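So you can see what is in the structure, the chains are spelled out below.
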Amino acid sequence: MSEEPQTVCLKYYGISPWEIEVIYDLFNGKFRIIQEETEQNKENFVSALTIDIPLPFSEEFFKWFEFKVWGKVKSIIKEMKRRRGKGNAIVVEIFFAGKPNVRFVTDLNENHDFNDAVEKIDFVVELFPYHLNDSNIPNDPIEVLYKYDIESGKWKLNQIWTSFGSSMEQKKFIFTKKGWNPVT
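Residues numbered from 1 in each chain as written. Predicted model: local features only at pLDDT ≥ 70, side-chain atom pairs only at ≥ 80, totals over all residues. Heavy atoms only, no water.

S.K.: Help me understand the pattern of salt bridges in this model?
M.R.: Opposite charge on two side chains allows them to pair when their charged atoms are near. For the coordinates displayed, the defined rule picks out 13 salt bridges. Among the salt bridges present, the one from Lys 156 reaches Asp 149, with a minimum N-O distance of 3.8 Å. By relative accessible area, Lys 156 is classed as partly exposed at 41%. Residue Asp 149 is classed as partly exposed on the basis of its relative accessible area, which comes to 26%. Because the salt bridges share partners, they merge into one network encompassing Lys 74, Lys 78, Glu 119 and Asp 122. (Salt bridge = Lys/Arg side-chain N within 4 Å of Asp/Glu carboxyl O. Buried < 20%, exposed > 50% of the residue type's maximum accessible area, 1.4 Å probe, protein only.)

Laid out in structure tokens, this is it:
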């Protein structure tokens, strides 16, 4: 990874000063940090946290960031959910910049489902190359979104954005029971 510290952006609302300070401290060891407290923009949630990481989603990232520190990030996110209880209390989005960009969104009602999802984010790194090489996904994804599937207990690709044409327009695909369908 680069010797020059890159910038992680933390965007949030409904997060206590203690919670954001702990997250800040965990990332501050490896990154410069930009914090942005926003207005409530997700009506159904008391709290929201977005972590934009300027590095690709890869095993190399987790080794460089250190699995122990990543474990602490997961712990504070799970603690945030526990403190807010059941229901649509908090939505957490973790974004990794790369080719393609990778986004994880967890907004689960039940604490144990939420905790399972957070705990398994780094497990996806082993399967990620296989997901991208699946012949059924749209070609040349520029961004992928994972959502946690409660029934299978796994993160699954939910949406894919591709670029096409000389103007690099983006096209969005969503996964349904019938496969990948473009969204118009």
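So that's the structure; there's more coming.
S.K.: Sorry, what's going on with the packing of aromatic side chains here?
M.R.: The way to describe two aromatic rings as a pair is by their centre distance and the angle between their planes. This structure, assessed with the given rule, holds 24 aromatic pairs. Just above the ring of Trp 64 sits the side chain of Lys 30; from NZ or CZ to the centre is 4.9 Å. If you follow Lys 81 out to its NZ or CZ, it ends over the ring of Phe 114, 5.8 Å from the centre. (Phe/Tyr/Trp six-rings, centres within 6.5 Å; stacked < 30°, edge-to-face > 60°. Lys NZ or Arg CZ within 6 Å of the ring centre and 35° of its normal.)

S.K.: Looking at this structure, I do not really get the packing of helix α3 (residues 67–84) against helix α4 (residues 111–119). What am I missing?
M.R.: Pairs of packed helices are described in terms of their axes, by the angle between the two and the distance that separates them. Between α3 and α4, the least distance of the axes is 10 Å, while the angle of their chain directions is 165°. Here α4 runs roughly antiparallel to α3, going by the angle between their axes. Our pair here, α3 against α4, has a crossing hand that is right-handed. Here Lys 74, Ile 77, Lys 78, Lys 81 and Arg 82 of α3 come into contact with α4, specifically with Asn 111, Phe 114, Asn 115, Val 118 and Glu 119. (Axes fitted to C-alpha atoms, helices over the stretch in contact; angles between N-to-C directions. Helix = DSSP H or I, 4+ residues; strand = E, 2+ residues; numbered from the N terminus. Parallel < 35°, antiparallel > 145°, perpendicular 65-115°, else oblique. Left-handed = near helix turned anticlockwise from the far one by under 90°. Contact = heavy atoms within 4.5 Å.)

S.K.: For this particular structure, what's the right way to read the pairing of strand β6 (residues 141–149)?
M.R.: Consecutive side chains along a regular strand alternate between the two faces of the sheet. Where strand β5 (residues 101–106) meets β6, 5 bridges bridge the pair, whose relative direction is parallel. Looking across to β6, one finds that Val 102 is bridged to Val 144. When β6 meets strand β7 (residues 154–164), the two strands line up antiparallel, connected through 8 bridges. Bridge pairing in β7 places Pro 141 opposite Thr 162. Following β6, the chain reverses through 4 residues before pairing antiparallel with β7; Gly 153 in that reversal takes a positive phi of roughly 70°. (Pairing = 2+ DSSP bridges.)

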